[in-house]
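These are the residues of each chain, in order.
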Amino acid sequence: MAFVVSSGELAVTGAGVTPGYAAMPLPAAPWEYETIWRTQPQVRTVIGFLARNIAQLGIHTFRRVSDTDRERLTDHPLPRLLAEPLPGMTQYRFVERMVADVALYDDWYGIKLKLNGELRILPVPPSLIHPYGGNWIRPEYYETAGGRDFGVDEVIHIHGYSPDNLSVGSSPIESLRELLLESSEAAKQRAQMWKSGARLTGVIVRPDTAPDWNAKDKARFREMWRTFSSGGGAEGGTPILEDGMDYKAVGFNPEQAQYIEARKLTREEVSAAYFIPPPLIGILDHATYSNIKEQHAHLYQDTLGPWMVMLQQEIVAQILPDLPGSNADVYCEFNIDSKLRGSFEEQAVAASTATGRPWMTVNETRARNNLPSIEGGDSLITPMNVTEGGLASPRDTAPEPEALPKARGLALVKSDRLAELGTVDGARDALETSLVRFTERAAAKLLTAAGVKADGMPDLVELWAAGSDDRIAQLSALLADHGYQLAQLGAWEVLEVHNPDAENWSAEVMLAWILAAAQTHAEQHEDAGLKAVTRVQEEGGDGWREALKGAATAWTSAAVTRAATASTELRSFGGHDAASASGLLKKIWRTGGRNPRPSHKAQDGEAVSLDDVFSNGLRWPGDGSGKTAELVNCNCTLDYAKED
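The present account deals with the structure reproduced in this document. (Residues numbered from 1 in each chain as written. Predicted model: local features only at pLDDT ≥ 70, side-chain atom pairs only at ≥ 80, totals over all residues. Heavy atoms only, no water.)

## A look at unusual backbone geometry
Definition in use: A run of H or I in DSSP counts as a helix once it spans at least four residues, and a run of E counts as a strand once it spans at least two, with each numbered from the N terminus. A simple rule labels every residue: compare its accessible area, found with a 1.4 Å probe on the protein chains alone, to the largest value its type can have, and call it buried under 20%, exposed over 50%, or partly exposed in between.
At N116, a position not held by glycine, the phi torsion is positive, near 55 degrees. By secondary structure assignment, the location of N116 is in the loop between β5 (107–115) and β6 (118–124). A residue is classified by how much of its surface remains accessible, and N116, at 82% relative accessible area, is exposed. Of note in this structure, N504 is not a glycine but carries a positive phi near 70 degrees. Relative to the helices and strands, N504 is located in the loop between α17 (468–498) and α18 (511–539). Using a relative accessible area of 66% as the deciding quantity, one classes N504 as exposed.

## Quick notes on α17
The following threshold applies: Helix span is expected to be 1.5 Å times the residue number reduced by one. Given a residue, its bend is the angle between the two axes fitted to the seven residues that end at it and to the seven that start from it.
A rise of 1.5 Å per residue sets the reference length of α17, with its 31 residues, at 45 Å; its end C-alpha atoms lie 44 Å apart and thus fit the reference within 8%. The largest bend in α17 amounts to roughly 25 degrees and is located at G483.

## With respect to the pattern of salt bridges
The line we're drawing: The term salt bridge refers to a pairing of a side-chain nitrogen on Lys or Arg with a carboxyl oxygen on Asp or Glu at a separation within 4 Å.
Scanning all chains against the criterion turns up 13 salt bridges. Note that E96 and R93 form a salt bridge whose closest N and O atoms lie 2.7 Å from each other. Residue E96 and its partner R93 are located together in helix α4 (residues 91–105), separated by three residues, close to a single helical turn. Between R590 and D639 there is a salt bridge, with the nearest N and O atoms lying 2.8 Å from each other. Separated by 49 residues along the polypeptide, R590 in strand β14 (residues 586–590) and D639 in strand β16 (residues 637–641) bring together distant segments of the chain. For R590, a relative accessible area of 33% puts it in the partly exposed group.

## Overview of the pairing of strand β13 (residues 330–334)
So the rule is basically this: Paired strands, as defined in this entry, are two strands with at least two bridges between them according to DSSP.
Of all five residues in β13, four are buried, a share of seventy percent or more. Across five bridges, the pairing between strand β3 (residues 59–66) and β13 is antiparallel. The residue bridging F62 from the neighbouring strand is Y331, located in β13.

## A closer look at the side chain of H525
Applicable threshold: Note on contacts: a residue pair qualifies if any of its non-hydrogen atoms lie within 4.5 Å across the two residues.
Considering the arrangement of structural elements, one finds H525 in helix α18. When its relative accessible area of 2% is taken as the criterion, H525 is described as buried. Setting aside chain neighbours within four positions, we find H525 in contact with L435, T439, L475, W555, A558, A559 and R562.

## What about the packing of α4 against helix α10 (residues 305–318)?
The test is simple: Throughout, an axis means a line fitted to C-alpha atoms (over the contacting stretch in the case of helices), and angles, computed between N-to-C directions, take values from 0 to 180 degrees. The cut-offs work like this: below 35 degrees is roughly parallel, past 145 is roughly antiparallel, 65 to 115 is roughly perpendicular, and the gaps in between are oblique. Left-handed describes a crossing whose near helix is turned anticlockwise from the far helix through less than a right angle; right-handed describes the clockwise counterpart. Note that Gly is not counted as nonpolar here; it falls among the polar residues with everything else outside the nonpolar set of Ala, Val, Leu, Ile, Met, Phe, Trp, Tyr, Cys and Pro and the charged set of Asp, Glu, Lys and Arg.
Closest axis-to-axis distance for the α4/α10 pair is 12 Å, and the angle between their directions is 110 degrees. Regarding the angle of α4 to α10, the classification is roughly perpendicular. Regarding α4 and α10, the two cross each other, and that crossing is right-handed. Between α4 and α10, the residues in contact are M98, V99, V102 and A103 and W307, M310 and L311, respectively. Grouping the amino acids of the contact of α4 with α10 by side-chain chemistry returns seven nonpolar, no polar and no charged.

Shown next, in the form of structure tokens:
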């Protein structure tokens, strides 16, 4: 469609429409989107996640003083309006409705009102207002369900992208319509099955040799059979078939229909449509401690960041011009600072390093812990190592690495040469031995505690839970201790070939990731033991003691597998970290082991860029973010190259 500029305004001419143009199918009506939100839990979960997480942040208003300075405005009309858009309406509810409407309809409407001489905003559900007339650039006016028309300048209209015009959005629900319809029909089928006494539909086969039925016999049997269907009074019972009859079920049973998998797939597709990582809305199939932590760290940057930028700019473009005063340099931002800050420990370390001295007084620290102030506690204490030792920070007290003992322990390994770290096989065997011994001791302690109860089986799950936190803490330390050595060994395998001087690489940089991975493996090993104990508890019986011994043996066997899996992951991560620091651009999968799984055997020699994933979804062998079936007992390795 062509347009021209007339008197400084765009005007549609109607020319330029090709003969092959055909209108797209009409989208759903607004009330249909409302029904989808009310009846589809996956849609409500995802939209609620977006709206609640953005609404909780709050919006701050600023005036730009210079390119490097700004001042926060608290008494300006904009922060007052956003704090209370209508009498009795909070900013949280206002932003929540705004985000939810845009997410569901891809449109949000607000009518500008004047109350007591001040601008107020009345949010209007998209089902009660719509643009009318005009052209693809802008509507003529807005029509409401009550028959009142509002001019374009009287309405705030926030909308997303639509491929055919600039005045309305196109809801993401449109792309999900078929999937949601399938989910709805599956739910109806399940409901009907339960109404029928949890029986699937079927047919009754009566053999040819059976005696003939007269009309009275047929009516009698039909009435008997109806009592076992919905409302018959005998639902869930067992009917008696006569004359050699046979009942043949027709349709899918719940397992064949894969109801659980289908519901999970629907939620994953809806989350993908709104660009939300699945673990953040409860889909934990491929979640690990480390990748969930990273996804939470990026939540307010990559997932919610575009939403906040869009809303900030729409507020400035559509609301700010109607407010009094000079607002050329005024703008607003969502307050995400508190969400992006590190933990208190991380903030304390950063502040101490930045200031070169302690940054809190004794009384300030006591106040944070609800303790009274003490005399002389209002001054900062500067350690002697800063004032006289010449150190930049009070934390700079550690000796040089050369002064540390040549031990294998965490943060004590001197990583200049691979020979000083031992061998990969030796480190892997050491981890297996340590983990098996730990598991045997923990299992023996449980057996001893359970054996005290001579009169029947105790609550094994409760006994297990009593020591769970301590076991996880000890397991994390054990795995981190061995993992640091394995990661360095993997790194030096790459460094010796491509970067012998280890330029731009430091072992300490890997510590945070190693600690997170150790925590994940510790929790997974603990969970394996819990499942084994729970099975014994559920089975019960007089043989529970022998069953518990068997569970202990199975848990010990799982320790061997866990050690092999963790060793592969940590070694691979170390090599990948070293490759990144060395400027390598390509990684090549090398299948190892005597009996590799088919997927790994098929991708032997597969090459991808350093930041990409292989065809099995893994970044490196043993990658904890991948599917479990691709990780266990994997003995594959990676090669690296400079060319991309």
